[in-house]
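Structure assessment
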Amino acid sequence: MRHRRHLSSPRAIVAALAATLLLAGCSGGDDDPAPSASASSEPSSSETTEAPPEPTYWPLTGLERTGDAPRHPVVVTKVDNTSSSAPQVGLGSADLVVEELVEGGYTRLAAFYYSKVPAAIGPVRSMRASDIGIVPEGATVVTSGAAPVTIKRINGAGIPWITEGDANVYRETSRSAPYNLFARLGDIAKRLKADEEPPPYLPWGDEADLPKGAKASTLTADFGAHSTSWQFQKGGYVNTDSYAAQGDQFPADSVLVLRVRVGDAGYRDPAGYPVPETKFEGKGAALLFHGGRVVKGTWSKDGLTGPIELSTKGGELTVPAGHVWVELVPAANGNVTFAK
């Protein structure tokens, strides 16, 4: 049976303890014989055993967690994804990455950090209106800024952001602008506080729950001017055209491809290209690549801030816990290919 992994609550523990105390209080009566002098006054093991605490899980990976949640919120960093960004720094520490379309058929990355925060991340680039449907509630975005119309929409959506001029956002002198903006993410996270832990970003489950699917050891997500290719190797997925620094590639356990509608953001970039806007709401086709196989399904999302739901013809689809790279591929002009 498929199931979701949820963040645990102390209510189950309290209920278990209450039940134990109630049984202990009702076990004796006036007609019970008095204990003999040789009877032990120590409580039995069944009376002292407490119910074990429910396990807790990381919201961005679904993996079981030991210890308390971080005090900082999820930190999403916008990262350049062109050859000019090489080498990208900090992707290897991300919990989850979302690749989205930007102008000219190229892509940009939204790298999510929560369970682990690297010392530095970059090159940091600008936000898009598409990020409103991508960034989880309560998260803070590290960015190089955005067009005025985008900033107005991001602020209207209540998404806090950090940019150049703020503490620990700096220019790397060994690189050329605009690909030289970096952030000391570890220091930034220390000054951010979260009121509560975010909900699971994806419907997490176990590998055993995944439908068998079809063999697929390679895949390519084509956005137009840029494509991202993956190859299944040694139990995980390797980005064969990555710009990440050696040893700092994102450790993808699964690749989740979601076909999305794309509209016009209503303005052009400095080069004159119309800026696209991913409409990450509604529903569309989904492809979940895991373990060298692919499962076909659908995704749905109730509004820009709604949770991501996945399903197949057989019912709910859950993602095996681990590190996931999400490809938001345009349904109309993008393409996805895969092979055995």
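Predicted model, so just to flag it, every value in this text is computed and none were measured. Sequence order as written defines the numbering, with residues in each chain counted from 1. Side-chain atom pairs in this predicted model are given and counted only at pLDDT of 80 or more, local residue features only at pLDDT of at least 70, and totals for whole chains, interfaces and linings cover all residues. Calculated side-chain values reflect all of the structure's heavy atoms, with hydrogen atoms and water omitted.

**Describing the sheet that holds strand β14 (residues 236–239)**
- With respect to topology, four strands assemble into an open sheet ordered β14-β13-β12-β23, the strand pairing being antiparallel. Strands at the two margins of the open sheet, each flanked by one partner only, are β14 and β23 (335–339). Recorded for the sheet is a direction-independent mean angle of 20° between the axes of neighbouring strands.
- At least two DSSP bridges between two strands are needed for those strands to be called paired. In this description a helix means any DSSP run of H or I spanning at least four residues, a strand means any run of E spanning at least two, and both kinds are numbered starting from the N terminus. Judged from the five bridges that link them, strand β12 (residues 218–222) and β23 form a sheet pairing that is antiparallel. Its bridge partner being in β23, Leu219 is matched across the sheet by Phe338. All axes here are fitted lines through C-alpha atoms, helices being fitted over the stretch that makes contact, and every angle between N-to-C directions spans 0 to 180 degrees.

**Digging into the side chain of Thr163**
- Secondary-structure assignment places Thr163 in the loop between β7 (161–162) and β8 (169–171).
- Among the polar contacts made by the side chain of Thr163, one reaches the main-chain carbonyl oxygen of Ser144 at a distance of 3.3 Å.
- Here, residues are in contact when the closest pair of their heavy atoms is within 4.5 Å. With residues up to four places along the chain from it excluded, the contact list for Thr163 reads Thr143, Ser144, Gly145 and Val169. In protein, a polar contact means a hydrogen-donor-capable atom and an acceptor-capable atom, both N or O and within 3.5 Å, with residues adjacent in sequence counting only if both atoms are side-chain atoms; elsewhere, any N or O pair within 3.5 Å suffices.

**Description of the side chain of Lys301**
- When you line up the elements, Lys301 lands in strand β18 (residues 293–301).
- Put simply, Lys301 is tucked away with no salt bridge, and the nearest opposite charge, on Glu281, sits 7.2 Å away. Only protein chains enter the accessibility calculation, which uses a 1.4 Å probe; a residue whose area is less than 20% of its type maximum is buried, one above 50% is exposed, and one in between is partly exposed. The charged-residue count follows a simple rule in which Lys and Arg add positive charge and Asp and Glu add negative charge, with His and chain termini not counted at all. A pair is scored as a salt bridge if a Lys or Arg side-chain nitrogen falls within 4 Å of a carboxyl oxygen belonging to Asp or Glu.

**Quick notes on the pattern of salt bridges**
- A full pass over the atoms with the stated rule returns eight salt bridges.
- For Glu277, the salt bridge identified is with Arg153, shortest N-O distance 2.9 Å. Taken together, the residues Glu277 in strand β16 (residues 274–279) and Arg153 in helix α3 (residues 148–156) connect sequence positions 124 residues apart.
- Overall, Glu277 belongs to the buried group, its relative accessible area being 6%.

**What to know about the environment of Ser84**
- By the secondary structure assignment, Ser84 is in the loop between β3 (75–80) and β4 (96–101).
- Residue Ser84 is classed as partly exposed on the basis of its relative accessible area, which comes to 37%.
- When the C-alpha positions of Ser84 and Ser176 are compared, they lie 9.0 Å apart, and in sequence the two are 92 residues distant.

**Quick word on the pairing of β16**
- As defined by bridge partners, strand β15 (residues 254–268) adjoins β16 across five bridges and the pair is classed as antiparallel. When the bridges of β16 are listed, Asp264 appears paired with Pro276.
- Between the antiparallel neighbours β15 and β16 lie five residues, among them Gly272 with a positive phi of about 95°.

**Side note on the confidence of the model for the chain**
- What pLDDT reports is the predictor's confidence in each residue, on a scale of 0 through 100. Averaged over the chain, the pLDDT score is 89; the fraction of residues at 70 or greater is 86%.
- Segment residues 7–40 is flagged for pLDDT under 50; beyond a separation of four residues in sequence, or across chains, it makes 16 contacts in the model.

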